[in-house]
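Residue-level structure breakdown
Listed below, chain by chain, are the residues.
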Amino acid sequence: MALGLDDNILMTRLEPLANWLANWGRANSLWPMPFATACCGIELMATGASRYDIARFGAEAMRFSPRQCDLMIVAGRVVMKMVPVMQRIWLQMTEPKWCISMGACASSGGVFDTYVTVQGIDRFIPVDVYVPGCPPRPEQLIQSILDLQVKIRQTGTVTGKEFAKRTKPEGPALVDARPTELVVAPGDFSTATRQWEK
Ligand code: SF4
């Protein structure tokens, strides 16, 4: 049977092909920034170890240098004092970047319904995937990475126009954790090396 011209030629535009290629590479080579502050971090370590081995999904290259990472995994409760640190690390990571909130504490404060504990990190940085549980099992974290890969494949563009609106830090302004007044605590602090600036 003779085929017509339209049956033989794959018509495509360069941009969708480039997007597909970029998304394929990004989704399968995530470099996590482990922001592990509590017990969920142990499950994060287990996920990277040989039994679960997230290298099978291309996400094993954990780096503690924000500029080399594109996936922040917040594992554990975050207290208000840590918020400036978390925000600074997030801002130092290069675009495109994504965030997984691992566990009940990171996602909602968990059982720590107190003024010192952040009641959900999405109040301060954008979150792409939430992982429920206390703690979530490694299988759940792996599933969240697979879900994130789907999201990256479906939404990413090679020009990064999906992040065009991120011209300034998202969410509330950076928290200034310094007290406005000099804190005078009882006790002998004559050997203290750190003083708050007035
Ligand atoms: S969710 Fe549970 S396991 Fe995770 S940091 Fe909170 S208390 Fe710990």
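Small disclaimer: the values here were computed from a predicted structure and weren't measured.

Rules and cut-offs
- Residues numbered from 1 in each chain as written.
- Predicted model: local features only at pLDDT ≥ 70, side-chain atom pairs only at ≥ 80, totals over all residues.
- Heavy atoms only, no water.
- Near = heavy atom within 4 Å.
- Nonpolar A, V, L, I, M, F, W, Y, C, P; charged D, E, K, R; others polar.
- Core = buried A, V, L, I, M, F, W, Y, C linked by side-chain atoms within 4.5 Å.
- Buried < 20%, exposed > 50% of the residue type's maximum accessible area, 1.4 Å probe, protein only.
- Helix = DSSP H or I, 4+ residues; strand = E, 2+ residues; numbered from the N terminus.
- Contact = heavy atoms within 4.5 Å.
- Axes fitted to C-alpha atoms, helices over the stretch in contact; angles between N-to-C directions.
- Parallel < 35°, antiparallel > 145°, perpendicular 65-115°, else oblique.
- Pairing = 2+ DSSP bridges.
- Right-handed = clockwise from strand over helix to strand, strands pointing away.

Let's shift gears to the site of the ligand. Taken together, Ala38, Cys39, Cys40, Gly76, Arg77, Ala104, Cys105, Gly133, Cys134 and Pro135 make up the full set of residues adjacent to the ligand. Split by residue class, the shell around the ligand holds seven nonpolar, two polar and one charged.

On to the nonpolar core, then. In this structure, Leu30, Leu71, Ile73, Trp98, Ile100 and Leu148 are the most contacted members of the largest nonpolar core, which totals 21 residues. Listed by contribution, the elements that provide at least two residues to this core are α3 (40-48), β2 (71-75), β3 (98-102), β4 (129-131) and α6 (138-155). With five residues, the top contributor of residues to this core is α6. When near neighbours in sequence (up to four residues on either side) are disregarded, Leu148 contacts Leu30, Leu71, Trp98, Ile100, Asp128 and Val129. Phe35, Cys69, Cys99 and Ile121 belong to the second-largest nonpolar core, a separate cluster that totals 18 residues.

As a further point, take helix α4 (residues 83-92). Among all positions of α4, only Val83, Pro84, Met86, Gln87, Ile89 and Trp90 are buried. Each element contacted by the buried residues of α4 is listed here: β1 (32-36), β2 and β3.

As a rule of thumb, non-glycine residues mostly have phi less than zero, and peptide bonds are mostly trans rather than cis. The step from Glu95 to Pro96 runs through a cis peptide bond, and the omega angle for that step is -10 degrees. With respect to the helices, strands and loops of the structure, Pro96 is situated in the loop between α4 and β3. With an omega dihedral of -10 degrees, the bond running from Cys134 to Pro135 counts as a cis peptide bond. By secondary structure assignment, the location of Pro135 is in the loop between β4 and α6. Even without glycine at this site, Asp53 takes up a positive phi of about 55 degrees. With respect to the helices and strands, Asp53 occurs in the loop between α3 and β2. Judged by its relative accessible area of 26%, Asp53 is partly exposed.

The next subject is the packing of α3 against α6. Here α3 crosses α6 at 75 degrees, and the two axes come no closer than 9 Å. In terms of orientation, α3 and α6 fall into the roughly perpendicular class. Residue-level contacts link Glu43, Leu44, Ala46 and Thr47 of α3 to Pro138, Leu141 and Ile142 of α6. Class assignment of the residues belonging to the contact of α3 with α6 gives a composition of five nonpolar, one polar and one charged.

Strands sit in the order β1-β2-β3-β4 across an open sheet of four strands; the sheet is parallel. Here the strands that pair on one side only, and so sit at the sheet edges, are β1 and β4. Each adjacent strand pair in this sheet contributes to an overall mean axis angle of 15 degrees, direction not counted. Across five bridges, β1 lies against β2 in parallel orientation.

Of all five residues in β1, four are buried; the element is thus mostly enclosed. Viewed along the sheet, the connection from β1 through α3 into β2 turns out left-handed.

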